[in-house]
Amino acid sequence: MIGEFIDGPLWYFSITAFVIGVVWRIVAIVRAGLKPDLSIARGSAGSGAVRAIFSRFVPERTVTTRSRLQLIAGYMFHVGLLVLLFFAQPHVDFIAERITGFDWPAVPHWVFIVTAEFAFAGLILLWLHRVLNPVTRLLSDLDDHIGSILVFLVMLTGCLALAQSHESLRLLHLFLAEVFLIYFPFSKLMHAFTFVMSRGYTGATMGRKGVNA
Amino acid sequence: MRTPAHHKTVPHALGVFGIYLLGLCLLLFSTLVDAQEKQPKELPTVQMMNPAAEFWRDVRQRSAPVSGKTQVGGVETGVLINATGDRWRQFRMSQLIPISGYILGGMVILLVAFYAIRGRVPIEGGMSEHKLPRYTGYERMIHWFMASIFIFLAVTGLILLFGRPLLIPVLGKEGFSILASASKEGHNLMGPLFLLALVMIIIQFVRRNIYQKGDLSWLIRGGGIIGKKHVPSNFFNMGEKTMFWLLVFVGGLIGVSGLILVFPVLGLGREIMALAHVGHAIGAILMITVIIGHIYIGTVGMEGAIEGMKTGYCDLNWAKEHHDLWASKAEENGEALSNQEVAKMRGDRGSVPPVHSGLQESGK
Amino acid sequence: MARMKFYCDPERCIECNACVTACKNENEVPWGVNRRRVVTIKDGDPGERSLSVACMHCSDAPCATVCPVDCFYTTQDGVVLHDKDICIGCGYCFYACPFGAPQFPEDGAFATRGKMDKCTFCAGGPEADHSADEHRKYGSNRLAEGKLPLCAEMCSTKALLAGDADVISDVYRKRIINRGAAVLARGVSFQDASFRAPSNLGGKSSSQE
């Protein structure tokens, strides 16, 4: 009964909340507008924005030396999570069945497992860094911790359901994923979408000034 | 007259002698014939085994391991009787499960009793005004990384070990099956991370864990339990060093045997798998027992013990009492910081101005 | 109550592997799994014998003892079955089984173990008899139809026997008794070793003159 609710209505509600919430947040940010820049452009804002969006994937030299672990763990977690989310066979099947209607090649199961290992290691290390480092602990608010723990719980229940033989374990995973989807638009988890905008904004400002940054 | 008489007696004597001789010869000959008759039975004979009996002996692996030929692929498909399985079954059911249960339960009871008798080990000089930096952020991070993975693996492993006698009566078979399946998958997935954490821990802490001069006296005095007096030690004391090396070797054993168990694709035989299971289980029970003690000291057993791992700084008095050699040297080097300084560096409540939220840059 | 047993007669088995094939076909077992296998010992040498082996449906089954989730049960016919809904695929039964009966489909990463599969004596599983679920998980349920396992039913030399343990052992006992000639061929004297029943020929002759 509760399983049917999780698998049916709650799923549609959560995915709707997710889509509407994300659109609403992005529209809100865009509608906030920018101050008119009255200076004479010395370079292209557009190319600066595009350059910044991609160049920021490569960390600065000081970052690679001073916080190497955060960098490695960060990439382990984020790349791992994206691969898990979009290229694990059960997820591909689920998305194809529920959303897109078509599927795409998934990674082999062993890649899925290795990726999960990396993502787990990255997430745990990053969260520990967050609570143990005085600076990041002060910078973190409840939202950060809820976001981290939600992602962790979704990943953990997913890993517990790996045998794909017990419906209740799948439903637990799905339920937490739904909670995650509902929570997503109203939290810092939005950075999955807004990083493009923030980087683009910085890049455009710099590009207009003719600065290669 | 005498001669003929004499002459007459000689043939008579000869005749008697001849009869005796003949009898003797007959006797000898008869024994020889007898011996000859027995001779053919001692000729070299071919020992004929009963093929049926030989076959069953091979099937049962009585004399030597025998592997037959079969069209079916897989691990040890040519072996008809797995001779080691029963030994492993007896180990698991009548030794591993009950004995490890007693060990773990006994450890908990022991600690409760110890706490009841000795109570929390206090900092005798009380909390001081100064702290010493003990662990860096990275060290604390890998410690808690290891700790979280260890606890997860221990809990899931113990569920699989003790679930049937303890949890099936509570949850029922179906309910426990869900828990067991989740435990198995989680255990298998998180297992390799334990090895990763172990490598990080070894690299970071190995130099401080090499045994030194004062360690033997620490051991003799039971780490201060005997005699109620603290034993001086360096950065890590003898107990911590022993736990470190246990973690390295026993943890390594657990990790390697776990990898053998989690990869049946390696095609290892059942004997090696069973042996890996035995090593994995014994090592894990030993490690869990030790870690229960470790957690006891950190949480309730000793005042100030967890501070270093929690905040990175430990109380100066605590350090002097428990790690005198390290603490006095660190104090000489001027590493000691006042509580205010530490609070400031850690950004504890009250030491820094509150952070205003909602100050995001806005276009308007 | 009949107690179901297999018995394979190594003097009769000709290593044709028909039992393996029949089992695989009848039960539609997963890829990589063979519930039954024929093993030849001393292949090509004197004393070569073959034996077809599967789950022996032990009275006190080691697999059931070591199973951490207690998924095994013994039916009224003495058949050892397991519940795949409860099995977690840990592999302990495979370590404990003397006969190598438990098989694991390669499932998941690095061919980790899926749910255990083994000979069911063609008795299906815990699901309702002849249900689709039962067939998908365990294969056919011939016992519920009053039939015996297909491997033994179709054995061409009747080397593999399956059924009521009392009948099986009677059949095998008679075969042993009637194997005087085979015993003679092993170099043991006829008089000493033959178990051939006396034919009551005392005093009889082809000619009375």
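Residues numbered from 1 in each chain as written. Chains lettered and ligands numbered in written order. Predicted model: local features only at pLDDT ≥ 70, side-chain atom pairs only at ≥ 80, totals over all residues. Heavy atoms only, no water.

(A) Representation of the nonpolar core within the structure. Judged by nonpolar contacts, the single largest core of 91 residues is most densely connected at A:F120, B:L132, B:F145, B:F194, B:F205 and B:W326. Of the residues forming this core, the biggest block, 21 residues, is contributed by helix α4 (residues 137-205) of chain B. Excluding residues within four positions of it along the chain, B:F145 makes contact with A:A121, A:I124, A:L125, A:L128, B:L193, B:L196, B:A197 and B:M200. (Core = buried A, V, L, I, M, F, W, Y, C linked by side-chain atoms within 4.5 Å. Buried < 20%, exposed > 50% of the residue type's maximum accessible area, 1.4 Å probe, protein only. Helix = DSSP H or I, 4+ residues; strand = E, 2+ residues; numbered from the N terminus. Contact = heavy atoms within 4.5 Å.)

(B) The interface of chain C and chain B, seen in detail. Across the boundary between the two partners, chain C contributes 47 residues, which contact 47 residues of chain B. Interface area for chain C against chain B, summed over the two sides, is near 4100 Å², with a carbon-plus-sulfur share of 63%. For the pair chain C and chain B, the number of links is four salt bridges. Between C:D43 and B:K69 there is a salt bridge, and its shortest N-O distance comes to 3.1 Å. Across the chain C-chain B interface, the total number found is 18 residue pairs in polar contact (both at pLDDT 80 or more). Counting only elements with at least two residues in the side of chain C that touches chain B, the list comes to β2 (37-41), β3 (49-53), α2 (62-66) and α3 (92-96) of chain C. The dominant element in the side of chain C that touches chain B, judged by the number of residues it contributes, is β2(C), at five residues. Residues that form the side of chain C that touches chain B fall into these classes: 27 nonpolar, nine polar and eleven charged. (Buried area = accessible area lost by both parts, 1.4 Å probe. Salt bridge = Lys/Arg side-chain N within 4 Å of Asp/Glu carboxyl O. Polar contact = N/O pair within 3.5 Å; in protein donor to acceptor, adjacent residues only side chain to side chain. Nonpolar A, V, L, I, M, F, W, Y, C, P; charged D, E, K, R; others polar.)

(C) Broad picture of the packing of helix α5 (residues 68-87) of chain A against helix α7 (residues 109-132) of chain A. All names here are of chain A. Put simply, α5 and α7 touch, their axes get as near as 7 Å, and they point 135 degrees apart. Of the possible angle classes, the one that applies to α5 and α7 is oblique. In the packing of α5 onto α7, the handedness of the crossing is left-handed. Together, Q70, A73, G74, M76, F77, G80, L81, V83 and L84 of α5 and F112, T115, A116, F118, A119, A121, G122, L123, L125, L126 and H129 of α7 make up the contact between the two elements. When grouped by side-chain class, the residues that make up the contact of α5 with α7 number 14 nonpolar, six polar and no charged. (Axes fitted to C-alpha atoms, helices over the stretch in contact; angles between N-to-C directions. Parallel < 35°, antiparallel > 145°, perpendicular 65-115°, else oblique. Left-handed = near helix turned anticlockwise from the far one by under 90°.)

(D) Seen up close, the sheet that holds strand β1 (residues 69-70) of chain B. If you walk across this open sheet you meet the three strands as β1(B)-β2(C)-β3(C), and the pairing is antiparallel. Sheet topology places β1 of chain B together with β3 of chain C at the edges, where each strand pairs with a single neighbour. (Pairing = 2+ DSSP bridges.)

(E) Focus on the confidence of the model for chain A. Put simply, chain A has an average pLDDT of 90, and 100% of its residues get 70 or more. The element-level mean pLDDT for chain A is lowest in helix α4 (residues 61-66) of chain A, coming to 84, with helix α10 (residues 167-183) of chain A highest at 94. (pLDDT = per-residue confidence, 0-100.)

(F) Region of interest: the pattern of salt bridges. Scanning the model with the defined rule gives 26 salt bridges over all chains in all. Across the pair A:R98 and A:D7 runs a salt bridge, and its minimum N-O distance is 2.8 Å. You can see A:R98 sitting in helix α6 (residues 89-100) and its partner A:D7 sitting in helix α1 (residues 2-7), a full 91 residues away along the chain. Taking relative accessible area as the criterion, A:R98 reaches 22% and is therefore assigned partly exposed. A salt bridge links B:E76 to B:R270; the shortest N-O distance between them is 2.7 Å. A residue pair is termed long-range when its members are at least 10 positions apart, and B:E76 in the loop between β1 and α3 (85-118) and B:R270 in helix α7 (residues 270-301) qualify at 194 residues. Look at B:E76 and you get partly exposed, because its relative accessible area is 30%. Using a relative accessible area of 2% as the deciding quantity, one classes B:R270 as buried. Three or more residues joined by partner-sharing salt bridges are found here, namely A:D7, A:E97, A:R98, A:E167 and A:R170.

(G) Inspection of the packing of aromatic side chains at higher detail. In this structure the tally under the stated criterion is 27 aromatic pairs over all chains. On the basis of an interplanar angle of 85 degrees and a centroid distance of 5.4 Å, the ring pair of B:W88 and C:Y95 is categorised as edge-to-face. Within this pair, whereas B:W88 is found in helix α3, its partner C:Y95 is found in helix α3, the two belonging to separate chains. Ring geometry for B:F114 against B:Y296: centres 6.4 Å apart, planes inclined by 75 degrees, an arrangement best described as edge-to-face. (Phe/Tyr/Trp six-rings, centres within 6.5 Å; stacked < 30°, edge-to-face > 60°.)

(H) Focus on a nonpolar patch on the surface. Residues and elements named next belong to chain A. Taken together, V50, F54, F57, V58, Y75 and V79 make up a surface patch of nonpolar side chains, about 580 Å² in accessible area. If you list the elements that add at least two residues to the nonpolar patch, you get α3 (45-55) and α5. For V79, the position within the fold is in helix α5. Residue V79 is classed as partly exposed on the basis of its relative accessible area of 44%. (Patch = residues over 30% accessible without salt bridge, like charges linked within 9 Å, V, L, I, M, F, W, Y side chains within 5 Å. Areas by Shrake-Rupley, 256 points an atom, 1.4 Å probe, with all protein chains shown as cover.)

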